[in-house]
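Chain residues, written in single-letter form:
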Amino acid sequence: MTYAITQTCCNDATCVAVCPVNCIHPTPEERAFGSTEMLHIDPRACIDCGACADACPVDAIFPVDSLSDGQREYADINAAYYEGAEPPAAEVDGPNFHAWGEPVFERSLPSDFGPLRVAVVGTGPAGMYAAQDLLLHTAAEVTLIDRLPVAGGLVRYGVAPDHPATKKVGDTFSRFHSHPRVRMHLGIEVGRDVTAEELSAHHDAVIYAVGASTDRRLGVPGEETPGCLSATAFVAWYNAHPEAVAQGVDLSAERVVVVGNGNVALDVARILVADPEALAATDIAAHALDALRASRVREVVVLGRRGPGDAAYTRSELLALKHVPGVELVVDDHDPRTAAAIDAAGAGDRAGVLKGLARVRTDAASPTGGERRIVLRFHSEVVEIRGEGDGVNSVRVTDGGGDGDGGGTADLKAGLLLRAIGYRGIPVPGLPFDELSGTVPHEGGRVAGVPGSYVVGWIKRGPSGGIGANRTCAAETVGTLLADAVAGELAAPTGDAKAFRRLARQRNRRVVDARGLAAIDRAERDRGRRDGRPRVKLATVEELVATARSGRLLRLTR
């Protein structure tokens with residue numbers, strides 16, 4: 001019996017490091033690692049030890065014999081990755097399972113190298129991978145800062161609630177929140193409460209892991225119509241982000257149009273038509289669950305500007321979409337190029353996953369009755385968004401008209417449009433910013449022209465790569481930081497940790513520390529147990545801060 005990696009693979013390569021027979025590829029040292037959608041286990045070399053499954057932070061690895069019906073395709077996907085490759089050579093001259101390369105010590109520091117004090121701004125995956133690297137491989141003291149009064153970033157507020165395994169990577173990060181060399185200041189915003197210069201004055205170095213918090217625009221007439229929202233805002237709404245509006249997402253229409261062909265587009269489409277009672281077993285926001293229970297949405301049309309072979313979503317997310325209970329996945333064949341691409345696709349291609357799906361023509365009118373469905377419409381883009389009264393009424397899209405010339409248009413009746421065409425970073429006060437790419441200019445993570453300042457994650461490389469991609473990204477940035485420290489290029493801080501703590505609390509009386517964060521976690525889990533859910537999130541800044549304070553005071557009085 002061998003193991004297989006499944007849909008929730010986060011690509012952080014923890015499994016690669018523990019495999020005794022080197023049967024998981026691509027590894028971080030291989031060129032394909034940066035572009036592959038997921039990692040793969042070679043069934044010819046796997047020895048069924050289970051080390052990879054034990055190490056996986058997102059529960060993505062299972063014995064092939066135990067895969068569910070919806071996961072069995074992954075056994076073939078893992079095996080197909082190695083088709084045509086030479087079988088692994090057996091080691092006959094020694095006790096090792098395979099030949100090992102020369103040891104590499106990437107965090108080798110001088111014996112007299114003193115502890116650094118490093119601030120990490122942002123507690124999402126990028127920031128926490130950087131903090132983890134520093135804490136595990138150096139004697140650094142880390143200050144964790146986040147503009148929200150709760151930690152988690154993308155893991156807490158970006159992962160879909162029906163992907164609980166992916167959220168488990170947060171457990172890996174949370175063990176560092178109470179680390180003895182960590183000081184936590186949540187609810188502090190750089191540029192509002194403290195300046196970049198003040199941060200640098202109290203730390204040897206500052207790593208900015210602030211992500212890409214806004215979205216790209218369509219640039220078409222009617223985009224400001226109420227009912228035309230960003231997928232960023234919608235995801236924040238159903239994940240109980242404290243800055244998301246708890247009311248106001250109108251789900252009274254039977255059709256929703258989602259613009260974009262990435263994983264986020266598939267996420268929002270799936271949530272819109274999923275069974276609310278299935279979502280009731282997740283940590284979805286209470287206000288979103290109530291709205292979805294009352295929703296009239298029966299059909300979601302996902303628009304892709306390019307063809308099915310060029311879609312940005314991963315094969316694993318598309319495969320999962322085929323197994324959503326009570327939801328039909330179909331392809332709109334308005335353009336003959338779509339069917340041609342699907343028919344010509346190989347089994348390992350994205351377009352090949354669409355073989356066997358029903359092909360339909362999306363009517364201009366909203367659907368009535370019948371099974372809920374998601375329609376994938378390729379070679380189509382928005383021309384205009386039309387409103388009537390207080391919201392969206394219809395969406396004008398390009399239409400091949402049956403001849404593939406793309407010259408025609410069609411009007412789709414819809415009551416909500418969600419644009420999921422990419423995230424974009426915003427300027428960080430005190431740092432340079434590239435308006436074209438939406439990133440901070442850097443060299444290996446070192447901010448250009450600002451000594452002692454570094455970037456990691458989407459603000460560094462743009463909005464590409466999933467959770468696990470931040471591990472190698474953070475390793476590069478931390479490596480650059482340490483090289484600068486060894487070379488004596490970091491200025492010594494003029495203030496200490498206590499001075500920064502006083503400064504932070506002077507500027508913002510509602511700062512949440514590690515004990516306050518633990519109180520929030522306990523309260524949310526307690527609320528969840530009462531409702532039969534993993535947790536019920538506190539959805540406002542006021543609730544989060546009040547819970548942090550009450551929990552902290554309760555512990556102090558015991």
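Preceding this paragraph is the structure being described.
Fair warning: this is a prediction, and the values are worked out from it, not measured in the lab. (Residues numbered from 1 in each chain as written. Predicted model: local features only at pLDDT ≥ 70, side-chain atom pairs only at ≥ 80, totals over all residues. Heavy atoms only, no water.)

K.L.:
Could you give an account of the pattern of salt bridges, with specific residues and numbers?
P.N.:
The tally for this structure, following the rule as stated, stands at 38 salt bridges. Arg270 is the partner of Asp162 in a salt bridge, and the nearest nitrogen-oxygen pair spans 2.6 Å. Taken together, the residues span a long stretch of sequence, with Asp162 in the loop between helix H5 (154-157) and helix H6 (164-167) and Arg270 in helix H10 (residues 263-273) at a distance of 108 residues. Lys167 serves as the salt-bridge partner of Asp283, at 3.6 Å between the closest nitrogen and oxygen. (Salt bridge = Lys/Arg side-chain N within 4 Å of Asp/Glu carboxyl O. Helix = DSSP H or I, 4+ residues; strand = E, 2+ residues; numbered from the N terminus.)

K.L.:
Before we move on, could you go through the sheet that holds strand E12 (residues 299-303) and cite the residues and values that matter?
P.N.:
Strands sit in the order E10-E19-E11-E12-E15-E13-E14 across an open sheet of seven strands; the sheet is parallel. Strand pairing shows two members of the sheet lacking a second neighbour, strand E10 (228-230) and strand E14 (358-360), which therefore form its edges. Averaged over all pairs of adjacent strands, the angle between strand axes in this sheet comes to 25°, irrespective of strand direction. Relative to strand E15 (residues 372-377), E12 runs parallel, the two sharing five bridges. What sits directly across from Val302, in E15, is Leu376. (Pairing = 2+ DSSP bridges. Axes fitted to C-alpha atoms, helices over the stretch in contact; angles between N-to-C directions.)

K.L.:
Run through helix H4 (residues 125-137), naming residues and quoting values.
P.N.:
With 13 residues, H4 should reach 18 Å at 1.5 Å per residue; the first-to-last C-alpha distance of 18 Å fits that figure. By the criterion of burial, H4 is predominantly enclosed, with 11 of the 13 residues buried. Within the span of H4, buried status applies to Pro125, Ala126, Gly127, Met128, Tyr129, Ala130, Ala131, Gln132, Asp133, Leu134 and Leu135. (Expected span 1.5 Å × (residues − 1). Buried < 20%, exposed > 50% of the residue type's maximum accessible area, 1.4 Å probe, protein only.)

K.L.:
Help me get a handle on the environment of Glu476, residues and values and all.
P.N.:
With respect to the helices, strands and loops of the structure, Glu476 is situated in helix H16 (residues 469-486). A relative accessible area of 41% means that Glu476 is categorised as partly exposed. Through-space distance from the C-alpha of Glu476 to that of Thr547 is 37 Å; in sequence the pair is 71 residues apart. Beyond its immediate stretch of four places on either side in the chain, Glu476 contacts Gly444 and Lys460. (Contact = heavy atoms within 4.5 Å.)

K.L.:
How would you explain the pairing of strand E8 (residues 205-208) if you had to name every residue and give the values?
P.N.:
Burial of E8 is two-sided: the residues Ala205 and Ile207 facing one way and the residues Val206 and Tyr208 facing the other way are all buried. Bridge analysis of strand E5 (residues 117-121) against E8 gives four bridges, and the strand direction is parallel. By the bridge assignment, Val121 is partnered in E8 with Tyr208. Looking at chain direction, E8 and strand E23 (residues 453-455) are connected through three bridges and run parallel. Bridged to Ile207 within E23 is Tyr454.

K.L.:
So, the packing of H4 against H16: which residues are in play, and what are the values?
P.N.:
Orientation of H4 relative to H16, taken along the N-to-C sense of each, is 55°, at an axis distance of 8 Å. Considering the angle they form, H4 stands oblique to H16. The element H4 and its partner H16 pack so that their crossing is right-handed. Facing Pro125, Ala126, Tyr129, Ala130, Asp133 and Leu134 of H4, the residues of H16 in contact are Asn470, Arg471, Ala474, Ala475 and Val478. Of the residues assigned to the contact of H4 with H16, the class counts are eight nonpolar, one polar and two charged. (Parallel < 35°, antiparallel > 145°, perpendicular 65-115°, else oblique. Left-handed = near helix turned anticlockwise from the far one by under 90°. Nonpolar A, V, L, I, M, F, W, Y, C, P; charged D, E, K, R; others polar.)

K.L.:
Got a sec to walk through the nonpolar core? Specific residues and values, please.
P.N.:
Residues Ile24, Ile207 and Tyr238 are the most contacted members of the largest nonpolar core, which totals 119 residues. The contacts of Ile24, once residues within four sequence positions are left out, are Ile5, Cys15, Val16, Cys19, Leu39, His40, Ile41, Cys52 and Tyr82. Membership of the second largest hydrophobic core comes to 21 residues, among which are Ile145, Val428, Ile459 and Val511. (Core = buried A, V, L, I, M, F, W, Y, C linked by side-chain atoms within 4.5 Å.)

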